[in-house]
Structure formats: structure tokens, C-alpha cells
Amino acid sequence: MARNSAEKSSSRPAEDAPNAVWFKPVMFGFMLIGLAWIIVFYVSNQQLPIASLGSWNILVGFGILFIGFMMTTRWR
């Protein structure tokens with residue numbers, strides 16, 4: 001009986017498991033793409049990345065950046 005309880009306490013719960021190998025590059029990728037989107041929008045005098053969106057390009061850039069920052073909350 002004591003052996004079973006010791007085995008249960010030594011096992012790691014699934015939520016403490018490390019992230020997959022792809023997680024960190026994807027997280028930083030989202031943050032860098034969002035930042036690049038905003039920089040390109042300002043440097044191109046609001047003609048790029050998508051001219052038809054106009055000022056909504058800022059929201060798109062921050063949205064992509066936000067996805068990356070939300071991923072940091074799950075990083076282990």
C-alpha cells in the first residue's frame with residue numbers, strides 16, 4: 001500500500017511536462033512577425049503590407065504579436 005502511494009507522488013502531472021520543440025520558435029516567430037508587420041506599415045508610409053486595410057494594419061500586427069505573447073503564458 002505504501003509503495004503505491006509513493007509511486008503516485010513521484011509521477012509528474014501532464015501540465016508540468018516541458019513544451020514541444022516547436023513551441024518556442026513559433027512563439028518568437030509570432031512576436032517577430034507582428035513587430036515586422038507594424039514596422040513595415042510605418043516605414044512604407046502606410047502602403048504595405050496590405051494597403052486596402054489602411055490603419056487596420058496596426059491591429060493586425062498587434063493581433064499577431066498578441067498571439068505570441070499569449071503563448072508565453074504556456075511556456076515551460
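That block above? That's the structure.
Fair warning: this is a prediction, and the values are worked out from it, not measured in the lab. Residues take numbers from 1 onward in each chain, read along the sequence in its written order. Since the coordinates come from a predicted model, pLDDT governs what is reported: local features require at least 70, and pairs of side-chain atoms require 80 or more to be given and counted, while whole-chain, interface and lining totals use all residues. Hydrogens and water are ignored here; the side-chain numbers use all heavy atoms of the structure.

Novice: How would you explain the packing of aromatic side chains if you had to name every residue and give the values?
Specialist: We call Phe, Tyr and Trp rings a pair once their centres come within 6.5 Å, taking the six-membered ring for Trp, and we label the pair stacked below 30 degrees between planes, edge-to-face above 60, and tilted otherwise. Applying the stated criterion across every chain, the model contains three aromatic pairs. Centre to centre, the rings of W22 and F23 are 5.9 Å apart; their planes meet at 55°, and the pair counts as tilted.

Novice: Before we move on, can you summarise unusual backbone geometry with the specific residues and values?
Specialist: Look at the link from L48 to P49: it is a cis peptide, with omega at -5°. Tracing the sequence through the fold places P49 in the loop between α2 (23–43) and α3 (56–72). The phi torsion at N45 lies on the positive side, around 60°, for a residue other than glycine. For helices the rule is a DSSP run of H or I covering at least 4 residues; for strands it is a run of E covering at least 2, with both sets numbered from the N terminus onward. With respect to the helices and strands, the residue N45 is situated in the loop between α2 and α3.

Novice: Explain α2 residue by residue, including any values.
Specialist: Each residue after the first adds 1.5 Å to the expected span of a helix. The end-to-end C-alpha distance of α2, which contains 21 residues, comes to 30 Å, matching closely the 30 Å that a straight helix rising 1.5 Å per residue would cover. Residue exposure (1.4 Å probe, protein chains only): buried if accessible area is under 20% of the type maximum, exposed if over 50%, otherwise partly exposed. Along α2, the positions that sit buried rather than exposed are F23, M27, M31, G34, W37, I38 and F41. Relative to the axis of α2, the buried residues are bounded by an arc of 120° and lie together on one face. Facing away from the buried side of α2 by more than 90 degrees, the exposed set consists of P25, L32 and V43. Working note: the arc is built from the helix axis to C-beta atom directions.

Any link to function would need more than the numbers given here.
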